[in-house]
Amino acid sequence: MEKEKWNNTMYDRFKESLYSMADEKYKDFHRKLVPEGLGEIIGVRSPDIKKTAKDIVKNTDYESFLKIAGYGTYEETMVRGFVIGYSKADIITRLGYLKDFIPHISNWAVCDGTAAAFKVKPHEMETVFEFIKPYTESRMEYEQRLAAVFLMDYFITGQYIDSVLQIYGGIKSGRYYVNMAVAWGISVCFVKFPEITMEFLKNNELDNFTYNKALQKIIESNRVDAEVKNIIRGMKRK
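Residues numbered from 1 in each chain as written. Predicted model: local features only at pLDDT ≥ 70, side-chain atom pairs only at ≥ 80, totals over all residues. Heavy atoms only, no water.

Visitor: Tell me about the layout of surface pockets, residues and numbers included.
Guide: Considering only enclosed or pocket space, the largest pocket measures out at about 240 Å³ in volume. Together, 16 residues line the largest pocket, and Ser 46, Lys 50, Met 78, Phe 82 and Gly 113 are the ones closest to its centre. Of all elements in the fold, only α2 (24–33), α3 (46–59), α5 (74–86) and α7 (108–118) reach the threshold of two or more residues within the lining of the largest pocket. For the lining of the largest pocket, the leading source of residues is α7, giving five residues. A per-class count over the lining of the largest pocket returns eleven nonpolar, three polar and two charged. (1 Å grid on protein atoms, 1.4 Å probe; cavity = no way out; pocket = protein on both sides within 12 Å on 5 of 7 lines; lining within 4 Å. Points joined across faces, edges and corners; volume = space filled by probe spheres on them. Helix = DSSP H or I, 4+ residues; strand = E, 2+ residues; numbered from the N terminus. Nonpolar A, V, L, I, M, F, W, Y, C, P; charged D, E, K, R; others polar.)

Visitor: Go over the packing of aromatic side chains, please, and point to the residues and values.
Guide: According to the stated counting rule, one finds 18 aromatic pairs in the structure shown. With a centroid separation of 5.1 Å and an interplanar angle of 45°, the aromatic rings of Tyr 11 and Phe 14 are classed as tilted. Highlighted residues: Tyr 11 and Phe 14, both in helix α1 (residues 8–20), separated by three residues, approximately one helical turn. For Tyr 11, a relative accessible area of 6% translates into the label buried. Measuring from centroid to centroid gives 5.0 Å for Phe 155 and Tyr 160, while their planes differ by 80°, and the two rings are edge-to-face. (Phe/Tyr/Trp six-rings, centres within 6.5 Å; stacked < 30°, edge-to-face > 60°. Buried < 20%, exposed > 50% of the residue type's maximum accessible area, 1.4 Å probe, protein only.)

Visitor: Tell me about unusual backbone geometry, and name the residues and values.
Guide: Even without being glycine, Lys 119 reaches a positive phi, approximately 60°. The residue Lys 119 is located in the loop between α7 and α8 (125–132) in this model. Relative accessible area serves as the criterion here: at 53%, Lys 119 is assigned to the exposed category.

Worth remembering: the numbers are spatial, not functional.
Structure, rendered in structure tokens:
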């Protein structure tokens, strides 16, 4: 059976449903959690945003949703990012949706949520990796962060670990949310591939902030033993 296509009336009902889920306390909390680039926010909790996006993909013609959807509120933007991630289209089509969406990412929450929802299947790895790489050199903060988070979420594997560390080491951003994502990614590299990542930590061109943040996140991990953490503490730059 053909799924219902989106039109302006249907989209207005969708926006009304978002406002019906508003939680003022959560709205205030989320504004503090995401202090930059949030824009207008309704105050819908993340599980409800995810459920809404999954319902759109499952029960309606999500392609027509992506054509008509706007960016008026944080929630609309987030739902759009999740719909792209949850969509059942082939990888080239999904990456096309993502390419159109990326310029509209203006905060870390939409960035990280979109990356986490995307899901990369084994046979799609190389295609996605080649798509993401150019964004690591972008001058736009959230384009670079998205690339760093994609690498962390999907490419810290035996096949890609050397490439991921090389890319992380080459990112010269100076932007807080990029540097934090790189540090986070390096810490995950260390947890999964400690010997390879230790060699990287001993010889890299990371700025001091990103390097020290990576060490901090390694120390905070409950998957690194106390003896190794003591070694990591001694590697901090002044």
